[in-house]
Amino acid sequence: MSLFRKAAGVFGPAHVPFRYVVEDQDQGLGVRFRPGCFRPFLRRPVSTIVDRHIGLDEIFGTSGAGLVDSVHAARDEEMVAIADELLCANVPVAGAATRRAADAMEIIAADPAIIRVDQLSARTGATPRSLQRLFAEHVGTGPKWAIRVYRINEAAQRIASAAELDYARLAAELGYTDQSHFTRDFTAIAGISPAGYHRLGAEER
């Protein structure tokens with residue numbers, strides 16, 4: 001959920017990086033939901049908002065319509081309090097399927113060894129087909145894409161912190177058959193090549 005004047009709304013899972021350029025004086029707030037847990041708020045499959053965004057009023061009605069102006073009129077902790085008040089006033093009941101989706105995402109995040117859907121299936125006890133349906137409903141993307149995003153996140157952390165790195169070896173450890181495939185995926189998700197990301201990390205170290 002983004003609360004900036006030029007980027008306000010609920011943003012679904014995206015296959016390309018999200019960018020927002022701050023111009024002049026600007027402030028806003030971003031709220032990230034636990035993966036798999038936004039379905040009760042949305043009240044329809046999360047796959048319906050993949051690569052798109054919808055207005056806050058579609059989720060929160062008239063209370064959401066004026067939220068951006070309220071956030072922009074506030075300062076620091078007040079912005080968080082305003083968003084928190086709205087969310088706490090509209091907390092839906094999370095069903096068993098929502099909890100299963102969230103748990104599956106937690107497994108992916110916690111275990112770097114999971115690089116394939118069949119491995120996730122073995123860990124969760126759900127068939128690959130069931131995982132496809134569960135993820136489409138509650139996560140928005142398929143389990144294969146979710147696994148890939150988390151493994152790229154892991155790669156980004158390792159690249160940023162390493163003085164030197166064997167990219168071919170890293171690609172293999174993440175389940176890629178070749179380095180070029182890994183490079184394409186990393187660039188598509190992160191918006192920058194692995195080498196470029198490493199240079200940014202070097203500048204910050």
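As shown above, the structure is provided for reference.
Rules used in this analysis
- Residues numbered from 1 in each chain as written.
- Predicted model: local features only at pLDDT ≥ 70, side-chain atom pairs only at ≥ 80, totals over all residues.
- Heavy atoms only, no water.
- Core = buried A, V, L, I, M, F, W, Y, C linked by side-chain atoms within 4.5 Å.
- Buried < 20%, exposed > 50% of the residue type's maximum accessible area, 1.4 Å probe, protein only.
- Helix = DSSP H or I, 4+ residues; strand = E, 2+ residues; numbered from the N terminus.
- Contact = heavy atoms within 4.5 Å.
- Axes fitted to C-alpha atoms, helices over the stretch in contact; angles between N-to-C directions.
- Parallel < 35°, antiparallel > 145°, perpendicular 65-115°, else oblique.
- Left-handed = near helix turned anticlockwise from the far one by under 90°.
- Pairing = 2+ DSSP bridges.
- Expected span 1.5 Å × (residues − 1).
- Polar contact = N/O pair within 3.5 Å; in protein donor to acceptor, adjacent residues only side chain to side chain.
- Salt bridge = Lys/Arg side-chain N within 4 Å of Asp/Glu carboxyl O.
- Phe/Tyr/Trp six-rings, centres within 6.5 Å; stacked < 30°, edge-to-face > 60°.

Draft legend 1. How the structure looks around the nonpolar core. Formed by 22 residues in total, the largest nonpolar core has its most connected members in M1, L3, V10, L56, I59 and F60. Among the elements that line this core, the one with the most residues is helix α5 (residues 77–88), at four residues. Once you skip the residues sitting within four places of it in the chain, V10 turns out to touch M1, F38, I49, R52, H53, I54, L56 and I59. With 15 residues, the next largest nonpolar core counts I107, L120, V139 and Y150 among its residues.

Draft legend 2. The packing of helix α6 (residues 96–110) against helix α7 (residues 117–124), seen in detail. In the contact formed by α6 and α7, the axes pass within 11 Å of each other and the chain directions differ by 120°. Classed by the angle they form, the pair α6 and α7 counts as oblique. Judged by the sense of rotation from one axis to the other, the crossing of α6 with α7 is right-handed. Across the interface between the two elements, A104, I107 and I108 from α6 touch L120, R123 and T124 from α7.

Draft legend 3. Region of interest: the sheet that holds strand β3 (residues 53–54). A sheet is described by the order of its strands in space; here three strands give the open sequence β1-β2-β3, paired in antiparallel fashion. For this open sheet the edge positions go to β1 (2–4) and β3, each flanked by a neighbour on one side alone. Pairing of β1 with strand β2 (residues 7–11), which is carried by three bridges, proceeds in the antiparallel orientation. Bridge pairing in β2 links F4 to A7.

Draft legend 4. Structural context of α6. End to end, α6 covers 21 Å across 15 residues, agreeing with the expected 21 Å (1.5 Å per residue, within 8%). Those residues of α6 not exposed but buried are T98, A101, A102, A104, M105, I107 and I108. Close packing links the buried residues of α6 with α1 (39–42), α7, α8 (128–138) and α9 (143–161).

Draft legend 5. Region of interest: the environment of H198. Among the secondary structure elements, H198 is positioned in helix α12 (residues 194–204). Here H198 falls in the buried class, since its relative accessible area comes to 15%. For the pair H198 and E164, spaced 34 residues apart in sequence, the C-alpha separation works out to 8.9 Å. In this structure the side chain of H198 is engaged in a polar contact, spanning 2.8 Å, whose partner is the backbone oxygen of A162.

Draft legend 6. Spotlight on the pattern of salt bridges. Under the definition given, this model contains ten salt bridges. One salt bridge connects R158 with E154, and the closest N-O pair in it is separated by 3.6 Å. Taken as a pair, R158 and E154 lie in helix α9 at a separation of four residues, close to a single helical turn. Judged by relative accessible area, which is 30%, R158 ranks as partly exposed. The exposure class assigned to E154 is buried, which follows from its relative accessible area of 17%.

Draft legend 7. Structural view of the side chain of H138. On the secondary structure map, H138 appears in helix α8. A distance of 3.4 Å separates the side chain of H138 from the side chain of T98, its partner in a polar contact.

Draft legend 8. Here's a closer look at the packing of α9 against helix α11 (residues 179–190). The contact between α9 and α11 brings their axes to 10 Å, and the two run at 90°. Compared by their axis directions, α9 and α11 come out roughly perpendicular. Only F182, D185, F186 and I189 of α11 make contact with α9, whose side of the interface consists of W145, R148, V149, I152, A155, A156 and I159.

Draft legend 9. Representation of the packing of aromatic side chains in the model. Going through the model one piece at a time under the given rule, you end up with seven aromatic pairs. Taken together, the aromatic side chains of F33, F38, F41 and F60 make up a single cluster linked through ring pairs.

Bear in mind that shape data such as this cannot, by itself, settle questions of function.
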